[in-house]
Amino acid sequence: MYKSLSKNKRQPYAVNVEAGHQTSAESWGTGRAVARIPRVGGSGTHRAGQGAFGNMCRGGRMFAPTKVWRKWHVKTAINQRRYAVVSALAASALPSLVLARGHRIEHIPEVPLVIASEAESIKKTKEAVEMLKTHGAYDDVIKVANSRGIRAGKGKMRNRRYRQRRGPLVVYNEDHGIVRAFRNLPGVEVCNVRNLNVLQLAPGGHLGRFVVWTESAFKRLDEIFGTPHKVSEFKTGYFLPTAKIANPDLSRIINSEEIQAILRPIHSLEKEHRRPQKKNPLRNKAALFRLNPYARALRAKEVELAKEKAEAKANKKAGKGPKKEKKEKAAAGKFTTTLFAP
């Protein structure tokens, strides 16, 4: 929601429509062994013959030149905007979220901080500073002043040279000089209770803005936003969103006697549960037998056959005698005699 709303204050920007095209250039066409990009005419200068117009050319236009008729603004549903505002208001009442945003609220008496309605009549900045010091809220202003520094990048040339943190948000009901009194304090913003928005209540999209309320402004919240059971007087037909749980203190709910009475006891952590090791059935016999019980019988049969084969081989080897000389056939003997005759 913050991102969508923050886009509604952007200013249109675009490059000059004539940028990159302020030269007379024509393509040389094909047949000259050069690219067909338009080239500057003439001779006698370095510029003559150089490519032009294209986004890849020196001095050419950018790719897809930006236009001022871009869709700059974003539409958001009014109910979502209201939901975001009331959520940011609720978050500003939690000290943990306010501290997490970086605000210095260690010395304030309470969160949310509500001051007397007479503060709306303050007209001098000196009186505003004194009032913040009285309630312990001036530490946040000092934090902002110390954080002021020069912006990194080109923004320092574009009327946003300095950047600093956000300080307290002072919410009032009627302006009797309070705006002029607080407007010169670094980081302090002033807002009417009727004009609260997410951009101020949750800067950067981070909940927990330190808000200083005047008493009259704080009392008007129920009239402006209504309650879960009472319609708002200023927003037609709007009720405050109903909380999902009546008691948001979860630790108190969990530790209550009613919940603890039906919970199971805590498991002892003595036995360490390890992830079971995966066995390879092709290498591990136990894993193989679990997957295929019949493999045990096959394995036993294979062992028995191997044993029988080994015994038969041993018996055959033991029963063999010395090698017998081969008898020469008659024809072979006669051929040998004839061959070696003198």
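Scroll up for the structure.
Heads up: these notes are all about the structure in this document. (Residues numbered from 1 in each chain as written. Predicted model: local features only at pLDDT ≥ 70, side-chain atom pairs only at ≥ 80, totals over all residues. Heavy atoms only, no water.)

Overview of the overall build of the protein chain
In terms of helices and strands, the protein chain carries 14 helices and eight strands. The C-alpha radius of gyration of the protein chain comes to 45 Å, more than 25% above the 20 Å expected for a compact globule of 342 residues. For the C-alpha atoms alone, the extent of the protein chain along its principal axes is close to 150 × 95 × 45 Å. The burial tally for the protein chain puts 26% of its 342 residues in the buried class. Summarising the internal contacts of the protein chain: among those between residues at least 6 apart in sequence, 54% fall at separations of at least 24. Carbon and sulfur atoms provide 54% of the accessible area of the protein chain, an area that totals close to 26200 Å². (Helix = DSSP H or I, 4+ residues; strand = E, 2+ residues; numbered from the N terminus. Rg over C-alpha atoms; globule rule 2.2 N^0.38 Å. Buried < 20%, exposed > 50% of the residue type's maximum accessible area, 1.4 Å probe, protein only. Contact = heavy atoms within 4.5 Å. Areas by Shrake-Rupley, 256 points an atom, 1.4 Å probe, with all protein chains shown as cover.)

Here we look at the sheet that holds strand E7 (residues 189-192)
Sheet architecture is open: four strands sit in the order E3-E8-E6-E7, paired in parallel fashion. Two strands lie at the open edges of the sheet, namely strand E3 (113-115) and E7, each paired on one side alone. The mean angle between the axes of side-by-side strands here comes to 25°, regardless of whether they run parallel or antiparallel. (Pairing = 2+ DSSP bridges. Axes fitted to C-alpha atoms, helices over the stretch in contact; angles between N-to-C directions.)

With respect to the environment of Leu-196
For Leu-196, the position within the fold is in the loop between E7 and helix H7 (198-201). On the basis of relative accessibility, which here comes to 10%, the residue Leu-196 falls in the buried class. The spacing of Leu-196 and Leu-89 is 107 residues in sequence and 9.1 Å in space, taken between C-alpha atoms. Apart from the residues within four sequence positions on either side, Leu-196 is in contact with Val-85, Leu-89, Val-171, Cys-191, Leu-201, Trp-213, Leu-221 and Phe-225.

Let's talk about the pattern of salt bridges
Applying the stated rule across the entire model yields six salt bridges. Residue Glu-189 pairs with Arg-166 through a salt bridge whose shortest N-O separation is 3.1 Å. Taken together, the positions of Glu-189 in strand E7 and Arg-166 in the loop between strand E5 (162-163) and strand E6 (169-172) put the pair 23 residues apart, joining distant regions of the chain. Look at Arg-166 and you get partly exposed, because its relative accessible area is 30%. We note a salt bridge from Arg-209 to Glu-189, for which the minimum N-O separation is 3.5 Å. In this pair, Arg-209 sits in the loop between H7 and strand E8 (211-214) while Glu-189 sits in strand E7, placing the two residues 20 residues apart along the sequence. With relative accessibility at 0%, the residue Arg-209 sits in the buried group. Among the residues examined, Glu-189 registers a relative accessible area of 19% and is labelled buried. (Salt bridge = Lys/Arg side-chain N within 4 Å of Asp/Glu carboxyl O.)

Quick notes on the nonpolar core
By size, the foremost hydrophobic cluster in this structure holds 23 residues, and its most contacted members are Leu-113, Leu-132, Phe-182, Leu-185 and Phe-210. At the level of secondary structure, the elements contributing two or more residues to this core comprise E3, helix H4 (125-134), helix H5 (138-147), E6 and helix H6 (178-182). The element contributing the most residues to this core is H4, with four residues. What Leu-113 contacts, discounting residues up to four positions off in sequence, is Ile-108, His-135, Ala-137, Phe-210, Val-211, Val-212 and Trp-213. In this structure, Val-86, Cys-191, Leu-221 and Phe-225 belong to the second largest nonpolar core, which totals 21 residues. (Core = buried A, V, L, I, M, F, W, Y, C linked by side-chain atoms within 4.5 Å.)

Brief notes about the pairing of E8
Side chains Val-211 and Trp-213 project from E8 onto one buried face, and the interleaved Val-212 and Thr-214 project onto a second face that is buried too. Of the pairings in the sheet, the one linking E3 to E8 comprises three bridges and is parallel in character. From the neighbouring strand, Ile-115 faces E8, where its bridge partner is Thr-214.

Thoughts on a nonpolar patch on the surface
A cluster of nonpolar side chains, namely Ile-245, Leu-250, Ile-253, Ile-254, Ile-259, Ile-262 and Leu-263, defines an oily patch on the protein surface of about 630 Å² accessible area. If one sorts the elements of the nonpolar patch by residue count, helix H10 (residues 250-254) sits on top with three residues. Position of Ile-245 relative to the elements: it lies in the loop between helix H9 (221-225) and H10. (Patch = residues over 30% accessible without salt bridge, like charges linked within 9 Å, V, L, I, M, F, W, Y side chains within 5 Å.)

What to know about H5
Those residues of H5 not exposed but buried are Tyr-138, Asp-140, Val-141, Lys-143 and Val-144. Residues of H5 that are buried in the fold lie against H4.

Considerations on the packing of aromatic side chains
Each pair of aromatic rings is reported with the distance of its centres and the angle of its planes. Under the definition given, this model contains two aromatic pairs. Measuring from centroid to centroid gives 5.6 Å for Trp-213 and Phe-218, while their planes differ by 75°, and the two rings are edge-to-face. Residue class for Trp-213 comes out buried when judged on its relative accessible area of 2%. Residue placement shows Arg-82 over the ring face of Tyr-238; its charged tip is 5.2 Å from the ring centre. Over the ring of Tyr-162 we find Arg-148, and its NZ or CZ is 4.3 Å from the ring centre. (Phe/Tyr/Trp six-rings, centres within 6.5 Å; stacked < 30°, edge-to-face > 60°. Lys NZ or Arg CZ within 6 Å of the ring centre and 35° of its normal.)

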